[in-house]
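# Working through the structure, step by step
The primary structure of each chain is shown beneath.
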Amino acid sequence: MALRCGIVGLPNVGKSTLFNALSQAGAESANYPFCTIEPNVGMVSVPDERLTNLGTINQSVKVVPTTIEFVDIAGLVAGASKGEGLGNQFLGHIREVDAIVHVVRCFDDENVVHVSGTVDPGSDIEVIETELLLKDLDAVEKRIDRTQKAAKGGDKKVKDELSFYEHLLTFLSDGNPVRRLETSVIEREWLDSLFLLSSKPVVYAANVGEDEILTGNEYVEKVREIAAEEGAGVVLVSAELEAQIAELEDDEKGLFLEEMGLEASGLDRLIQAAYDLLGLITFFTAGPKETRAWTIRRGTKAPGAAGQIHTDFERGFIRAETIKFQDYVDQGGESGARDAGVMRSEGKEYTVVDGDVILFRFNV
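Throughout this description, residue numbers start from 1 for each chain and increase along the sequence as written. Only residues with pLDDT of at least 70 get local features here, since the model is predicted, and only at 80 or more are side-chain atom pairs given and counted; chain-wide, interface and lining totals rely on the full set of residues. Based on all heavy atoms of the structure, the side-chain values leave hydrogens and waters out of the count.

Another aspect to go through is the pairing of strand 8 (residues 280-285). Regular strands show a simple pattern: their side chains alternate between the two faces of the sheet. Taking burial as the measure, the six residues of strand 8 include six buried ones, the bulk of the element. Relative accessibility under 20% of the residue-type maximum defines a buried residue, over 50% an exposed one, and the middle range a partly exposed one, all with a 1.4 Å probe and only protein chains included. The helix and strand labels rest on DSSP assignments: H or I over at least four residues marks a helix, E over at least two residues marks a strand, and numbering proceeds from the N terminus. Alternating positions in strand 8 separate into two faces, Leu280, Thr282 and Phe284 on one and Ile281, Phe283 and Thr285 on the other, with burial throughout. Whether two strands pair comes down to DSSP finding at least two bridges between them. As paired strands, strand 8 and strand 9 (residues 290-297) are joined by six bridges and run antiparallel to one another. Residue pairing in the sheet places isoleucine 281 in a bridge with isoleucine 296 of strand 9. What sits between the antiparallel neighbours strand 8 and strand 9 is a turn of four residues.

Now the structure itself:
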């Protein structure tokens with residue numbers, strides 16, 4: 001499963017610059033609103049030193065990382081939910097992503113115009129959040145109209161569903177994004193059927209100048225305050241700095257980051273934040289022909305993990321021969337792990353753990 005993250009924000013906050021740096025896809029970037037109309041898409045390999053180590057141990061012909069897909073969605077403005085600035089089109093693109101990376105301008109630069117005339121992270125975030133809520137309110141109102149007609153038949157389940165939608169409407173009207181709403185199992189089914197925009201988990205990318213990447217500033221603190229209130233993540237990034245990093249060779253990037261006093265690039269930190277937000281983990285398959293990383297949701301059972309490789313693996317699942325990553329490294333590979341007794345044979349009820357190296361046995 002390739003994680004799909006939509007990069008959103010007001011015009012001229014650094015979305016396309018950041019996207020270019022993350023994906024090296026060459027999205028158009030300019031100092032005027034709506035430079036991006038159709039969403040640009042970039043596939044990015046997820047960096048993982050464990051994968052590199054496994055490939056080296058096995059002398060693998062191919063080493064295949066898992067990927068994350070970034071979608072650069074055009075800048076939203078106030079009134080987008082009513083079609084302002086091609087808003088309906090842009091909001092539709094958000095509906096298709098797993099998570100939102102909300103880029104917030106946290107830098108001063110008189111040469112880069114701000115759509116509202118002044119840098120104010122709180123106001124900027126509110127504009128985007130309001131447009132998502134207004135679009136969701138419209139969707140819920142339409143669903144209530146349809147459900148009211150169906151409820152006239154007296155079906156209790158339909159009446160319960162209507163009651164939930166009415167509660168949801170009040171919740172949204174009070175300015176609450178859907179991701180904050182606690183639901184039962186059946187209510188979650190009704191909620192998921194609406195595909196609401198404010199249900200998307202959010203990571204705020206606080207975009208600062210290069211000289212503030214370590215310290216942040218008062219704008220960043222405001223973003224952190226807002227994120228803390230809603231349980232969202234915050235990653236401090238500098239689109240300018242990421243653009244420089246993107247131009248370097250792999251062996252130069254580590255040295256550059258060290259010189260800047262950074263342990264990881266903005267890309268690495270954004271990916272980790274997105275994985276944490278969505279509850280994703282990585283398992284590995286390893287051998288001389290190919291070593292590969294796979295992404296699954298935390299809590300996935302062994303057959304479900306096998307199904308990520310091929311549906312036949314899940315249907316014919318017999319067992320999963322599993323080795324913890326560190327055991328695999330310590331014993332020098334699968335053979336050594338088996339001889340040391342640290343390879344485990346797990347059945348259908350086994351919950352895959354981050355870093356597991358797995359060999360699936362199955363019937364064709």
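Now that the structure is up, let's keep going.
Moving on, we get to the packing of helix 4 (residues 121-151) against helix 7 (residues 218-230). Between N-to-C directions, angles cover 0 to 180 degrees, with each direction set by a line fitted to C-alpha atoms, over the stretch in contact for helices. Interaxial distance between helix 4 and helix 7 falls to 9 Å at its minimum, and their mutual angle equals 40°. By the criterion of interaxial angle, the relationship of helix 4 to helix 7 is oblique. Of helix 7, the residues touching helix 4 (which contributes Pro121, Gly122 and Ile125) are Tyr219, Lys222, Val223 and Ile226. The class makeup of the residues in the contact of helix 4 with helix 7 is five nonpolar, one polar and one charged. Working rule for angles: under 35 degrees goes down as roughly parallel, over 145 as roughly antiparallel, 65 to 115 as roughly perpendicular, anything else as oblique. Any two residues whose heavy atoms approach within 4.5 Å are treated as being in contact. In this count, Pro and Cys sit with the nonpolar residues alongside Ala, Val, Leu, Ile, Met, Phe, Trp and Tyr, while Asp, Glu, Lys and Arg are called charged and the others, Gly among them, polar.

What follows covers the nonpolar core. Nonpolar side chains in soluble globular proteins tend to end up buried together. By convention a nonpolar core is built from buried Ala, Val, Leu, Ile, Met, Phe, Trp, Tyr and Cys residues, the set being connected through side-chain atoms within 4.5 Å. Judged by nonpolar contacts, the single largest core of 58 residues is most densely connected at Phe70 and Tyr204. Core analysis: the second largest hydrophobic core is formed by 18 residues, Val140, Ile144, Leu181 and Leu191 among them.

As a further point, take the pattern of salt bridges. For this document, the term salt bridge refers to a Lys or Arg side-chain nitrogen within 4 Å of an Asp or Glu carboxyl oxygen. Overall, the coordinates contain 18 salt bridges when judged by the stated rule. Here arginine 4 and glutamate 69 are joined by a salt bridge, their closest N and O atoms 1.9 Å apart. Taken together, the residues arginine 4 in strand 1 (residues 3-8) and glutamate 69 in strand 4 (residues 67-72) connect sequence positions 65 residues apart. Judged by its relative accessible area of 15%, glutamate 69 is buried. Here the residues in one salt-bridge network are Glu129, Arg179, Arg180 and Glu230, joined through shared partners.

The next thing to look at is the packing of aromatic side chains. Ring geometry is summarised as follows: Phe, Tyr and Trp rings, the Trp one being its six-membered ring, pair when their centres sit within 6.5 Å, and such pairs are stacked at plane angles under 30 degrees, edge-to-face over 60 and tilted between the two. The final tally for this structure, using the stated rule, is six aromatic pairs. Plain terms: the ring middles of phenylalanine 164 and tyrosine 165 are 5.8 Å apart, the flat faces sit at 55° to each other, and that makes the pair tilted. Each member of the aromatic cluster is reached from another via a ring pair, and the members are Phe283, Trp294, Phe317 and Phe360.

Okay, the sheet that holds strand 7 (residues 233-237) next. A sheet is described by the order of its strands in space; here six strands give the open sequence 2-4-1-5-6-7, paired in mixed fashion. Two strands close off the open sheet at either side, each with one partner strand: strand 2 (40-45) and strand 7. The sheet shows a mean angle of 25° between the axes of neighbouring strands, taken without regard to direction. Judged from the five bridges that link them, strand 6 (residues 202-207) and strand 7 form a sheet pairing that is parallel. Looking at the pairing, alanine 205 lines up with valine 235 of strand 7.

Let us look at the side chain of lysine 200. When you line up the elements, lysine 200 lands in the loop between helix 6 (185-192) and strand 6. Here lysine 200 occupies a buried position and makes no salt bridge, while the nearest side chain of opposite charge, aspartate 98, is found at 6.2 Å. Working convention for charge: Lys and Arg count positive, Asp and Glu count negative, and His plus the chain ends are omitted.

Right, let's talk about helix 2 (residues 49-58) for a bit. Of the positions making up helix 2, those classed as buried are Arg50, Leu51, Leu54, Gly55 and Asn58. Angular distribution of buried residues about the axis of helix 2 spans 135°; they occupy a single face of the element. Residues of helix 2 that are exposed and angled more than 90 degrees away from the buried face: Glu49 and Thr56. The arc in question is the one spanned by the directions pointing from the helix axis to the C-beta atoms.

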